Amino acid sequence: MMQLKETAFDAFLAALKRLDYTGYAEQYPPFGSWEDFTGRREEILAAWRESLARVKEAGLFVNIPFCRSRCRFCFLPVTPIGSSGPARKRSFSLYLEALDAEASIFSPVFKKIKMSTLYIGGGTPSLMTPAETSSFFALLRARFDLPQGCQTVLELHPDDVTAEKLSVYKACGVNRVCIGVQSMDEGVLAKNARRQGLGRVAKAHAALKAHGINGVNIDLICGLPGQEKASFLRDLSEVIALRPDQVHLNTFINTPYTLHAKAGGRSGAEVAVEAVRSEGFRLLSEAGYQKIDSDSMGLTPGSRNRQSADLSGKRSVLGLGPGAVSRAFGAGRYINRTDWPGYRELVLKGFSPAVKGVACGPREEMIYSAITQLTDNLSLNLAEFKRVHGKSFTGVFPYEAAELGRAGAVLSGRSLKLPKNMWGLVRRVFYQPGVISRGLANIRSMKQGR
Ligand code: SF4
């Protein structure tokens with residue numbers, strides 16, 4: 001079944017990653033193999049109906065496309081609007097109108113669905129004033145069933161924390177925040193044009209605790225331009241001293257979409273950056289943190305953002321906002337247009353803002369599940385696989401199991417265990433011919449500048 005030899009396949013994966021502006025390269029089917037999904041409102045609604053008939057549970061993800069300014073290391077398609085002034089105010093006023101228009105497209109299909117999680121990401125959601133934040137939550141609650149107490153996570157810039165905002169977050173049901181710290185080194189922040197007050201992180205963390213928002217994740221990035229190993233480890237030690245319940249260690253990805261890359265900047269050697277990040281995980285482990293997924297560790301097994309944790313299970317997520325990704329389990333996934341004006345124009349006319357997507361049936365979900373577990377845990381729990389998908393792994397994937405066995409994986413009655421990280425091989429074994437051919441076609445189009 002393998003279509004490409006090892007070296008050609010590795011080059012294929014690297015080229016697919018370069019197509020990715022979402023951070024979704026690790027999905028299956030991978031983002032680089034997705035197709036044009038413009039003008040497919042009815043197909044998308046049908047996919048949701050099909051999916052929700054199977055799994056009557058979903059999470060809601062809302063993307064806010066604005067930031068005060070653009071950090072040089074960031075690959076996300078954000079629109080800088082400043083932290084105060086008329087541009088900020090007008091942007092959020094237009095955004096709330098557009099978000100409501102998009103929500104109205106989907107709310108009839110979700111009428112009988114209780115949302116199990118709400119994640120508000122960006123961009124910088126904490127740029128909203130308290131009044132805008134209240135309107136934002138009221139809008140969502142009017143369109144969807146968001147039960148009290150459902151995990152509600154909001155991404156927060158450390159400079160945005162005020163007592164008034166925290167009171168509103170609490171009143172709106174926010175019970176978990178994700179503080180995008182990235183770095184606390186003055187030199188690194190300056191080099192990356194990131195505006196962030198020094199010493200704000202500890203204050204933000206203390207204020208959150210004082211307001212009873214105890215679920216706190218802190219994000220750091222390893223391998224940032226201008227960052228030395230000692231600087232990253234110093235940041236991490238300061239974060240560990242605060243004892244947030246989750247710490248997320250990202251790796252700097254110098255996609256063609258960062259300002260750093262556009263100015264000809266490079267990233268550090270992948271192996272060296274990974275070695276520093278591994279040392280970070282070791283420090284977290286020594287401090288009592290446990291592994292949650294390949295990028296984060298938590299103080300307890302429950303210290304996690306439930307929307308993105310264990311996406312190898314039966315999870316559906318409806319994404320709203322520019323650049324939001326949706327996953328209708330067993331039916332499809334797609335991404336909205338990332339450009340804010342284009343997104344707005346479409347939703348106000350009642351059109352779907354989806355731009356790329358892929359049909360994703362039960363077999364693709366099983367492959368995604370297997371790839372994710374074999375990558376994150378180096379092991380696949382066979383009973384869990386059967387519980388989630390209703391099928392035996394070895395019954396569905398005998399060729400793949402045998403191929404991994406030839407490379408040293410051990411299959412027992414309970415699990416399939418890899419002897420070491422086999423990132424490339426796992427993908428080479430599972431990637432289907434259709435994914436490879438669509439990915440190659442997209443790579444050719446990129447090269448031809450289409
Ligand atoms: S890193 Fe965060 S604050 Fe900086 S541009 Fe990206 S989303 Fe905005």
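Calculation criteria
Residues numbered from 1 in each chain as written. Predicted model: local features only at pLDDT ≥ 70, side-chain atom pairs only at ≥ 80, totals over all residues. Helix = DSSP H or I, 4+ residues; strand = E, 2+ residues; numbered from the N terminus. Buried ≥ 20, exposed ≤ 12 C-beta atoms within 10 Å, placed from the backbone. Contact = placed C-beta atoms within 7 Å. Core = buried A, V, L, I, M, F, W, Y, C linked by C-beta atoms within 7 Å. Domains from an automatic or database assignment. Axes fitted to C-alpha atoms, helices over the stretch in contact; angles between N-to-C directions. Parallel < 35°, antiparallel > 145°, perpendicular 65-115°, else oblique. Nonpolar A, V, L, I, M, F, W, Y, C, P; charged D, E, K, R; others polar. Near = placed C-beta within 6 Å. Left-handed = near helix turned anticlockwise from the far one by under 90°. Expected span 1.5 Å × (residues − 1). Arc of directions from axis to C-beta.

## Here's the deal with the environment of Gly 180
Positionally, Gly 180 belongs in strand E7 (residues 176-182). Overall, the presence of 25 C-beta atoms within 10 Å leaves Gly 180 in the buried class. The spatial distance from the C-alpha of Gly 180 to the C-alpha of His 157 is 5.7 Å, given a sequence separation of 23 residues. Apart from residues lying up to four places away in sequence, Gly 180 is in contact with Glu 155, His 157 and Asp 219.

## A few points about the nonpolar core
If you look at the biggest cluster of nonpolar residues, it comprises 90 residues, and the most contacted ones within it are Val 177, Ile 179, Leu 220 and Cys 222. Residues from two domains meet in this core; each of domain 1 (1-29 + 361-450) and domain 2 (41-298) gives at least three. Formed by 20 residues, the second largest nonpolar core is a distinct cluster that contains Tyr 368, Phe 393, Leu 404 and Val 435.

## Observations regarding the packing of helix H1 (residues 6-18) against helix H16 (residues 423-430)
Here H1 crosses H16 at 95°, and the two axes come no closer than 10 Å. For the element pair H1 / H16, the angle class is roughly perpendicular. Where H1 approaches H16, its residues Glu 6, Phe 9, Asp 10 and Leu 13 are matched on the opposing element by Gly 424, Arg 427 and Arg 428. When the residues that make up the contact of H1 with H16 are grouped by side-chain class, the tally is 2 nonpolar, 1 polar and 4 charged.

## Structural notes on the site of the ligand
Residues in close proximity to the ligand include Cys 67, Arg 70, Cys 71, Cys 74, Leu 76, Val 78, Gly 122, Gly 123, Thr 124 and Gly 180, which together make up its full environment. Considered class by class, the residues forming the shell around the ligand number 5 nonpolar, 4 polar and 1 charged.

## A few points about unusual backbone geometry
Going from Tyr 28 to Pro 29, the amide bond is cis rather than trans, its omega being -10°. Cis geometry is adopted by the peptide bond preceding Gly 123, which originates at Gly 122 and carries an omega value of 15°. Looking at the element boundaries, Gly 123 is found in the loop between strand E5 (115-122) and helix H4 (130-143). Even without a glycine there, the phi angle at Ala 193 is positive, about 50°. With 14 C-beta atoms packed within 10 Å, Ala 193 lands in the partly exposed category.

## Side note on the packing of helix H12 (residues 362-376) against helix H13 (residues 382-389)
Their axes nearest at 11 Å, the elements H12 and H13 cross at an angle of 150°. Comparing the axis directions of H12 and H13 gives the class roughly antiparallel. H12 and H13 meet at a crossing whose hand is right-handed. Residues Pro 362, Glu 365, Met 366 and Ser 369 of H12 lie in contact with H13, whose contacting residues are Phe 385, Val 388 and His 389. Across the contact of H12 with H13, the residue classes break down as 4 nonpolar, 2 polar and 1 charged.

## Description of the domain arrangement of the protein chain
Taken domain by domain, the protein chain holds domain 1 (1-29 + 361-450) and domain 2 (41-298). For domain 1 versus domain 2, the distance between C-alpha centres works out to 28 Å. On the side of domain 2, 7 residues touch domain 1, which itself brings 5 residues to the contact. Its residues assigned to classes, the side of domain 1 that touches domain 2 comprises 1 nonpolar, 1 polar and 3 charged.

## A few points about helix H17 (residues 433-447)
If you check H17, its first and last C-alpha atoms are 21 Å apart, about what 15 residues at 1.5 Å a residue would give, namely 21 Å. Residues Val 435, Gly 439 and Asn 442 constitute the buried set of H17. Relative to the axis of H17, the buried residues are bounded by an arc of 60° and lie together on one face. Within H17, the exposed residues directed more than 90 degrees away from the buried face are Pro 433, Ser 437, Ala 441, Arg 444 and Lys 447. The secondary structure elements touched by the buried residues of H17 are H1.

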